[in-house]
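# Reading the structure
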Amino acid sequence: MNTAHEPEWFEIRLQQHLDQRWASWFDGMTIEPQADGSTLLRGHVADQAALHGLLARLRDLGLPLVSVAAVPVPPPQAIKKGNQP
């Protein structure tokens, strides 16, 4: 993880599926339902404060977390529209 003020990409795995209609709640992160019944939220997070805010929203929705991981920034062609920093 970089410093608390540097943006990073994260993958947040939830225990259950999350409908695409919640996308606006998660600051442009992609919502990717997985075959195992989990959901992967993936995208840019501005800093540690934004990450904590995102995790608080998930907690408030009662969505169980499986994992949170900082991941390398994907190549530009792999970044979905609306998910760019």
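What counts, and at which threshold
Residues numbered from 1 in each chain as written. Predicted model: local features only at pLDDT ≥ 70, side-chain atom pairs only at ≥ 80, totals over all residues. Heavy atoms only, no water. Helix = DSSP H or I, 4+ residues; strand = E, 2+ residues; numbered from the N terminus. Contact = heavy atoms within 4.5 Å. Areas by Shrake-Rupley, 256 points an atom, 1.4 Å probe, with all protein chains shown as cover. Phe/Tyr/Trp six-rings, centres within 6.5 Å; stacked < 30°, edge-to-face > 60°. Buried < 20%, exposed > 50% of the residue type's maximum accessible area, 1.4 Å probe, protein only. Expected span 1.5 Å × (residues − 1). Polar contact = N/O pair within 3.5 Å; in protein donor to acceptor, adjacent residues only side chain to side chain. Pairing = 2+ DSSP bridges. Salt bridge = Lys/Arg side-chain N within 4 Å of Asp/Glu carboxyl O.

Under an unreviewed UniProt entry, the protein has the name BON domain-containing protein and belongs to Ornithinimicrobium cryptoxanthini.

## Observations regarding the overall build of the protein
Each helix and strand counted, the protein has 1 helix and 4 strands in total. Ordered by position in the sequence, the α and β elements of the protein form the string β-β-β-α-β. The long-range fraction of contacts in the protein, counting pairs at least 24 apart against all pairs at least 6 apart in sequence, stands at 64%. Of the roughly 5200 Å² of accessible surface on the protein, a fraction of 54% belongs to carbon and sulfur atoms.

## Topic: the packing of aromatic side chains
Tallied over the entire structure, the rule returns 1 aromatic pair. On the basis of an interplanar angle of 85° and a centroid distance of 4.9 Å, the ring pair of Trp22 and Trp25 is categorised as edge-to-face. Taking the relative accessible area as the measure of exposure, Trp25 reaches 40% and is therefore partly exposed.

## Notes on helix α1 (residues 48-60)
With 13 residues, α1 extends 18 Å between its outermost C-alpha atoms, agreeing within 8% with the 18 Å of an ideal straight helix rising 1.5 Å per residue. Where α1 is buried, its residues meet β1 (8-14), β3 (39-45) and β4 (65-71). The N-cap of α1, judged by a side-chain oxygen 3.2 Å from the amide nitrogen of Ala49 a few residues on, is Asp47. Phi turns positive one or two residues past the end of α1, at Gly62, with a value near 75°.

## Some points on the pairing of strand β2 (residues 30-33)
The two faces of the sheet receive side chains in turn, since in a regular strand these alternate between them. As judged from the 4 bridges shared by β2 and β3, these two strands associate in the antiparallel manner. Its bridge partner lying in β3, Thr30 is registered against Arg42. Here β2 folds back onto β3 in antiparallel fashion, the turn holding 5 residues, of which Gly37 has a positive phi close to 95°.

## Structural notes on the side chain of Thr39
Position of Thr39 among the secondary structure elements: in strand β3. For Thr39, a relative accessible area of 0% puts it in the buried group. Of the polar contacts made by the side chain of Thr39, one reaches the backbone oxygen of Gln16; its length is 2.8 Å. Here Leu18 takes part through its backbone nitrogen, which lies 2.8 Å from a polar atom of the side chain of Thr39. When residues no more than four places from it in sequence are discounted, the contact partners of Thr39 are Ile12, Arg13, Leu14, Gln16, His17, Leu18, Ile31, Glu32 and Pro33.

## Examining the pattern of salt bridges
One pass over the full model with this rule turns up 5 salt bridges. The closest approach of N and O atoms between Arg42 and Glu32, which form a salt bridge, is 2.8 Å. With Arg42 in strand β3 and Glu32 in strand β2, this pair connects stretches of sequence that are 10 residues apart. For Glu32, a relative accessible area of 16% translates into the label buried. A single salt-bridge network, built from bridges that share partners, covers Glu11, Glu32 and Arg42.

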